[in-house]
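# Per-entry structural report
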Amino acid sequence: SKKMKIIWHGHSCFEITGKDGTIIFDPYQANSVPGLNPLKLKANLVLCSHEHEDHNARNCVETTAKDFKVTCIETYHDHHQGSRRGKNTIHIVEFEDMKIVHMGDIGCMMDDVSKLKNCDVLMIPIGGYYTIDTKEALKYIERIQPRIVIPMHYRSHEFGYDVLSTNEEFIQKSSNIVYVDDYLEVHKETKGQTIVFKKPRN
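The structure contained in this document is the topic of the report that follows. (Residues numbered from 1 in each chain as written. Predicted model: local features only at pLDDT ≥ 70, side-chain atom pairs only at ≥ 80, totals over all residues. Heavy atoms only, no water.)

### Overview of the overall build of the protein chain
Put simply, the rule is: Strands here are runs of E lasting at least two residues and helices are runs of H or I lasting at least four, both read from the DSSP assignment and numbered beginning at the N terminus. We compute the radius of gyration from the C-alpha atoms alone; for a globule the expected value is 2.2 Å times N to the 0.38, where N is the number of residues. In this scheme, a residue with accessible area under 20% of its type's maximum is buried, one over 50% is exposed, and one in between is partly exposed, where area comes from a 1.4 Å probe on protein chains only. Should any heavy atoms of two residues lie within 4.5 Å, those residues are considered in contact. Each accessible area value is a Shrake-Rupley result obtained with a 1.4 Å probe; residue values ignore everything except the protein chains displayed when judging cover. Neither His nor the chain termini are counted; the positive set is Lys and Arg, and the negative set is Asp and Glu. The atom standing in for a charge is NZ when the residue is Lys, CZ when it is Arg, CG when it is Asp and CD when it is Glu.
Within the protein chain one finds two helices and 14 strands. A compact globule built from 202 residues would reach a C-alpha radius of gyration of about 17 Å, and the protein chain, at 15 Å, matches this within 12%. Taken over 202 residues, the protein chain has a buried fraction of 56%. Contacts in the protein chain between residues far apart in sequence, at least 24 positions, make up 56% of those at least 6 positions apart. As presented, the protein chain carries roughly 9,600 Å² of accessible surface, and 44% of it is formed by carbon and sulfur atoms. Of the side chains in the protein chain, 26 bear a positive and 28 a negative charge, and the two mean positions are spaced by 3 Å.

Structure follows, in C-alpha cells:
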C-alpha cells in the first residue's frame, strides 16, 4: 500500500516523502530559530504558510518542480483578524492517497473546519504567544478528528523561542502518544495516534 515518510526538521518544518515526490512545509531561515541548525534540503514543492523568517526559507530548498493537489485556506496569525501578525495559510495536500493538513502559524479559531475534517495527518501549533496554544489546539483536534496528530511550533530545552510553551501540557492532555526519533512512516492502515518527535533532524 502507499506510504509516506514524515521527517521533522524542527519548529514547523516538515518533509514528506513518498512515490509522489517530496514536499517541504515551512522551512526556517538560518539563525531564525534558536538552537536549530541551518537547513539544506531538496524537494519538488515548498509550501510556506506566511512570510516570517522562521517559515519562509524557500532559498534553503533545492527544488525540482512537480505538480501536487494543494488546497489553501487563508486564516489569521493572531486573534485580531491579522492586525498584529498578518495572515496565515493552511495547506491541505493530497499525498499518497492521504490527506495532510499543515496549519502553519494559525493564531485564531476558525468557524468552519469542514475541509480539514477526518484528515490522515494534522500538523498543528501548540506553543501559544505567536499561535494558538495547547487548549485551542485540543479544541481543533476534537473538531477535525484527524487520524494522526503532530504538534509543532513549541520550545524544548534545546531549541525554540523562550516565549513559547513546551509540549508537556499537550502530552499530558492527549491520548495515544507515540514517541518517534526524527521521522515516521505513515500508510492508510496506520492507527490513530499523537506523535511526539524526540528530536528534530537537524
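### Looking at the nonpolar core
Here is the rule we go by: Within this scheme, the nonpolar core is defined by two criteria: the residues are buried Ala, Val, Leu, Ile, Met, Phe, Trp, Tyr or Cys, and they are joined through side-chain atoms within 4.5 Å.
Membership of the largest hydrophobic core comes to 61 residues, with the highest contact counts inside it found for Ile6, Ile100, Leu116, Met123 and Ile150. With residues near it in sequence (within four places) discarded, Met123 still touches Ile6, Phe14, Ile16, Phe25, Ile100, Val101, His102, Met103, Ile150 and Met152.

### Looking at the packing of aromatic side chains
Stated formally: Put simply, two rings from Phe, Tyr or Trp (the six-membered ring, in Trp's case) pair if the centres are within 6.5 Å, and we call them stacked under 30 degrees between planes, edge-to-face over 60, tilted for the rest.
Tallied over the entire structure, the rule returns seven aromatic pairs. Between Trp8 and Phe159, the aromatic rings sit 5.7 Å apart at their centres with planes inclined by 70 degrees, giving edge-to-face as the arrangement. Of the two residues, Trp8 sits in strand 1 (residues 3-10) while Phe159 sits in the loop between strand 11 (148-152) and helix 2 (168-173), which places them 151 residues apart along the sequence. Of the residues examined, Trp8 reaches a relative accessible area of 1% and is grouped as buried. Relative accessible area serves as the criterion here: at 9%, Phe159 is assigned to the buried category. Aromatic rings pair up to connect Trp8, Phe14, Tyr154, Phe159 and Phe197 into one cluster.

### Quick word on helix 1 (residues 134-144)
Note the following rule: The arc refers to the directions leading from the helix axis to the C-beta atoms. For this analysis, a polar contact is any N or O atom pair within 3.5 Å, provided that within protein one partner can donate a hydrogen and the other can accept it, and provided that sequence-adjacent residues contribute only side-chain to side-chain pairs.
The complete set of buried residues in helix 1 reads Thr134, Glu136, Ala137, Tyr140, Ile141 and Ile144. For helix 1, the angular spread of buried residues about the axis comes to 160 degrees, placing them on one side. Exposed residues pointing more than 90 degrees away from the buried face of helix 1 are listed as Lys135 and Glu142. In the core, the buried residues of helix 1 are packed alongside strand 10 (121-125), strand 11 and helix 2. Capping of helix 1 at its N-terminal end is provided by Asp133; its side-chain oxygen lies 3.3 Å from the backbone amide nitrogen of Lys135. At the C-terminal side of helix 1, Gln145 shows a positive phi close to 55 degrees.

### Observations concerning the environment of Pro151
For Pro151, the position within the fold is in strand 11. Judged by its relative accessible area of 3%, Pro151 is buried. On a C-alpha basis, the gap between Pro151 and His11 in space is 9.6 Å, while along the polypeptide they are 140 residues apart. Residues contacting Pro151, with those up to four places away along its chain left out, are Phe14, Ile124, Ile126, Phe170 and Ile195.

### Considerations on the sheet that holds strand 13 (residues 183-187)
Counted only if it meets this: We treat two strands as partners when DSSP finds at least two bridges between them. For helices, the axis comes from a line fit to the C-alpha atoms of the stretch in contact; other axes are also lines fit to C-alpha atoms, and the angle between any two N-to-C directions lies between 0 and 180 degrees.
The five strands are arranged 5-3-2-1-13 in an open sheet whose pairing can be described as mixed. Because the sheet does not close on itself, it has two edges, and the strands there are strand 5 (45-47) and strand 13. On average, each strand axis in the sheet is inclined to that of its neighbour by 20 degrees, with strand direction left out of account. Where strand 3 (residues 21-25) and strand 5 come together, three bridges link them in parallel fashion. Looking at strand 5, one finds that Ile24 is bridged to Val46.

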